Amino acid sequence: MATPGAAPASSSRRSEIRSSTRRSGVRRRCQWLLYWVPVLFICSILCWSYYAYIVQLCLLTMTNVGEQVMCLIAYHLFFAMFVWSYWKTIFTLPMHPSKEFHLTYADKELLEREPRGETHQEVLKRAAKDLPIYTRTMSGAIRYCDRCQLIKPDRCHHCSACDKCILKMDHHCPWVNNCVGFSNYKFFLLFLAYSLLYCLFIAATDLQYFIKFWTNGLSDTQAKFHIMFLFFAAAMFSISLSSLFGYHCWLVSKNKSTLEAFRAPIFRHGTDKNGFSLGFSKNLRQVFGDEKKYWLLPVFSSLGDGCSFPTCLVTQDLEQASTPSGLTSSNKNENHHFPAKPLRDSQSHLLTDPHSWTETNASIEKNKLGMSNPALTMENET
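Reading the values: the criteria
- Residues numbered from 1 in each chain as written.
- Predicted model: local features only at pLDDT ≥ 70, side-chain atom pairs only at ≥ 80, totals over all residues.
- Heavy atoms only, no water.
- Helix = DSSP H or I, 4+ residues; strand = E, 2+ residues; numbered from the N terminus.
- Expected span 1.5 Å × (residues − 1).
- Buried < 20%, exposed > 50% of the residue type's maximum accessible area, 1.4 Å probe, protein only.
- Contact = heavy atoms within 4.5 Å.
- Phe/Tyr/Trp six-rings, centres within 6.5 Å; stacked < 30°, edge-to-face > 60°.
- Salt bridge = Lys/Arg side-chain N within 4 Å of Asp/Glu carboxyl O.
- Polar contact = N/O pair within 3.5 Å; in protein donor to acceptor, adjacent residues only side chain to side chain.
- Core = buried A, V, L, I, M, F, W, Y, C linked by side-chain atoms within 4.5 Å.
- Patch = residues over 30% accessible without salt bridge, like charges linked within 9 Å, V, L, I, M, F, W, Y side chains within 5 Å.
- Areas by Shrake-Rupley, 256 points an atom, 1.4 Å probe, with all protein chains shown as cover.

Caption draft 1: Region of interest: helix α2 (residues 37-59). Between its first and last C-alpha atoms α2 spans 31 Å; for 23 residues at 1.5 Å apiece the expected length is 33 Å, and the two agree. Residues of α2 that are buried include every one of P38, V39, I42, L46, S49, A52, Y53, I54, Q56, L57 and C58, and no others.

If you want it as structure tokens, here you go:
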């Protein structure tokens, strides 16, 4: 039999839950709006620059018809590529690990029951034995995401802003309100390139009129102030974009992500900051693809599936007997092979191309001499 006051208490509890749900919903909507503020700022700057350049500079200030036509054509080309690549960077959804990296229901239950330790790792090792993963945590354990309940593929990281694991995550960019990773990294690079060209073009064609502004060569009209601020904005963004674009070009040449540049990936036999580097041409093709006609277009052409990547490191299976430290170096020069893990078609395609391996032979020999771990050597392709 219900006790007096039980019904009012239950009603009060339901009311508290509804109130808490409404507050959390309002908070999420406010956060969503705040996340779009940087994107709206870039869009507003872009719209103003279009008006200032097309109307105030080209149509109202330039007097030479030939100059007007050339500037209008070139401007709209840079503008279209800028907007296209920016759009693709924003609205291309980040890719997440495939189902094979998710634990089964039985493994999840086992992990929940077992405390973290050897048993915990045994479950993960059994689940990961057929997965193409080579990286480990700092302690040498299998990389596992507690929130997503999956084994992390190589170069995959959990984004706190998106609350999801992102394949080949580079960083979460507030200026595009999106995670930059495997699915849109090429678009992000093209966005940086075309935005830099856009700003440089505006600054170069606006320079002579900017000088006339300071030498009183322009009539005192509204266009005068648009021209001045247009040059300042273009020059300022050109400086910041050139440094950022140069940094990401360096990352591509080394086959690194921003996260890997700050914290080198850890393989079974230790840390190696160039573990995924295959040589300049292969590194470039891994991001832009094999068909050069698509390199300058914001269409997806990157190689692979984002879950597995070829590596220049020769690794030795942990299950195999390790070499005692007292053995001579005669065993160190044996030709090893990749572990018995499935390589994707794109990886095999990259690793078996004989042409671009020639450029890495010298660096391979150099790295052999510099490695302190005898189990860590570089692979020469036969």
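Caption draft 2: Quick look at the environment of Y86. Within the secondary structure layout, Y86 lies in helix α3 (residues 65-91). For the pair Y86 and S195, spaced 109 residues apart in sequence, the C-alpha to C-alpha distance is 8.7 Å. Leave out the neighbours within four places in its chain, and Y86 touches V39, I42, C43, W175, V176 and F191.

Caption draft 3: The arrangement of the packing of aromatic side chains in detail. Counted under the stated rule, the structure contains 26 aromatic pairs. Aromatic side chains F82 and F191 sit 5.8 Å apart centroid to centroid with 25 degrees between the ring planes, which places their arrangement in the stacked category. Here F82 is found in helix α3, whereas its partner F191 is found in helix α6 (residues 185-214), with 109 residues between them in sequence. For F82, a relative accessible area of 7% gives the class buried. In this structure F191 comes out as buried when scored by relative accessible area, which is 8%. Considering the side-chain rings of F182 and F309, the 6.4 Å spacing of their centres and the 75 degrees angle between planes classify their relative orientation as edge-to-face.

Caption draft 4: Just the pattern of salt bridges, in detail. This model, assessed by the stated rule, comprises five salt bridges. In this structure, D163 engages R147 in a salt bridge whose closest nitrogen and oxygen atoms are separated by 2.7 Å. Taken together, the positions of D163 in the loop between β3 (157-159) and β4 (164-166) and R147 in the loop between β1 (144-145) and β2 (150-151) put the pair 16 residues apart, joining distant regions of the chain. By relative accessible area, which is 36% here, D163 ends up partly exposed. In this structure R147 comes out as exposed when scored by relative accessible area, which is 60%. Its salt-bridge partner being R155, residue E260 comes within 2.8 Å of it at the nearest N-O pair. Here R155 lies in the loop between β2 and β3 and E260 lies in helix α8 (residues 258-262), a separation of 105 residues in the sequence. On the basis of relative accessibility, which here comes to 3%, the residue R155 falls in the buried class.

Caption draft 5: Here's a closer look at the environment of S277. You can see S277 is positioned in the loop between β8 (270-271) and α9 (280-288). The exposure class of S277 is buried, given its relative accessible area of 17%. Contacts of S277, omitting those with residues within four sequence positions, involve K254, N255, N283 and C312. Among the polar contacts made by the side chain of S277, one reaches the side chain of N283 at a distance of 3.1 Å.

Caption draft 6: Expanded view of the nonpolar core. Counting residues in each nonpolar core, the largest one holds 47 residues, and the members touching the most others are Y53, Y86 and Y185. Sorting the residues of this core by element identifies α2, α3, α6, α7 (222-254) and α9 as the ones contributing at least two each. Sorting elements by how many residues they give to this core places α6 first, with 16 residues. For Y53, the residues in contact, after removing those within four places along its chain, are C58, C71, Y75, F201, I202, T205 and L230. A128, I151, C156 and C165 belong to the second-largest nonpolar core, a separate cluster that totals 22 residues.

Caption draft 7: Local environment of the side chain of Q56. For Q56, the location among the structural elements is in helix α2. Not counting the four nearest positions on each side in its chain, Q56 is found in contact with Y51, T61, Q222, A223 and H226.

Caption draft 8: Examining a nonpolar patch on the surface more closely. A surface patch of nonpolar side chains, amounting to about 470 Å² of accessible area, comprises W214, F225, F229 and F232. In terms of residue count, the dominant contributor to the nonpolar patch is α7 (three residues). Relative to the helices and strands, F225 is located in helix α7.

In short, geometric facts, not functional conclusions.
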